[in-house]
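Understanding the architecture of this molecule
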Amino acid sequence: MTDSLPLTEWLRAAGGGDNGAGERAYAAVYAELRRLAACQVGKLGGQATLTPSALVSEAFIKLAGGSLSALNDRRHFFNLAARAMRQTMIDHAREHLAQKRGGDLIRTELDDGLPDRALDAQQALAIDQALSALDEQDAQLAETLSWRVFGGLTSPQIAELRGVTERTVQRDLAIARNYLRLALDGAR
């Protein structure tokens, strides 16, 4: 991961209209965001029509459309980046379903292997709905699971961003998965 001080300064400057700072920030985080995006697109298996580069580009466009000058630090940036990737993937999944199946949502089951297995568009949408419900109950748990599932971050990376131990992250992920599992089972 890159040094947070210049990244935060560049992002704030970009939010203030400095195009050069925006380009430096994008270059500084592009490789890491692309790696995370490749993991996420890989979860779509052979169904992926969204490339990692396109996912990063669309997510960064969403970020640039917001207020980058209000960023507090690296954690804040990666939280927004994970959220932008999640929104981009969900938008893409909705579009795919609307074209293919009339947009009907199908519920899916969440298991402990979720971050490591392929997700189809229907599963991604069902998980997004359950994650939104979790966000209303406990925003920190939702953020942690979103970073893992949609941001592709590992437990140590999440622990670093949150400033907690890896054990705390693993506990929070287990709680969040159980919440989502119950939400998905209850929606059947």
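For the structure itself, consult the block above.
Residues numbered from 1 in each chain as written. Predicted model: local features only at pLDDT ≥ 70, side-chain atom pairs only at ≥ 80, totals over all residues. Heavy atoms only, no water.

Concerning the overall build of the chain
What the chain contains, in helices and strands, is 8 helices and 0 strands. The order of α-helices and β-strands along the chain, N terminus first, is α-α-α-α-α-α-α-α. By the burial criterion, 44% of the 188 residues in the chain qualify as buried. Across the chain, contacts joining residues at least 24 apart in sequence account for 64% of those joining residues at least 6 apart. (Helix = DSSP H or I, 4+ residues; strand = E, 2+ residues; numbered from the N terminus. Buried < 20%, exposed > 50% of the residue type's maximum accessible area, 1.4 Å probe, protein only. Contact = heavy atoms within 4.5 Å.)

As for the side chain of Thr144
For Thr144, the position within the fold is in helix H6 (residues 139–149). Judged by relative accessible area, Thr144 falls into the buried class, the value being 1%. Reaching out from Thr144, the side chain makes a polar contact with the side chain of Arg162 at a distance of 2.9 Å. In contact with Thr144, not counting residues within four places along its chain, are Ile158, Arg162, Val169, Asp172 and Leu173. (Polar contact = N/O pair within 3.5 Å; in protein donor to acceptor, adjacent residues only side chain to side chain.)

A word on the environment of Thr168
Locating Thr168 in the fold gives a position in helix H8 (residues 166–186). Using a relative accessible area of 18% as the deciding quantity, one classes Thr168 as buried. As a C-alpha pair, Thr168 and Ser155 span 13 residues in sequence and 9.3 Å in three-dimensional space.

So, the pattern of salt bridges
By the definition in use, this model includes 2 salt bridges. Of the charged contacts in the structure, one is a salt bridge between Arg162 and Asp172, with a shortest N-O distance of 2.8 Å. A residue pair is termed long-range when its members are at least 10 positions apart, and Arg162 in helix H7 (residues 155–162) and Asp172 in helix H8 qualify at 10 residues. Taking the shortest distance from any N to any O, the salt bridge between Asp172 and Arg171 comes out at 3.1 Å. A relative accessible area of 47% places Arg171 in the partly exposed class. Salt bridges sharing partners connect three or more residues here, namely Arg162, Arg171 and Asp172. (Salt bridge = Lys/Arg side-chain N within 4 Å of Asp/Glu carboxyl O.)

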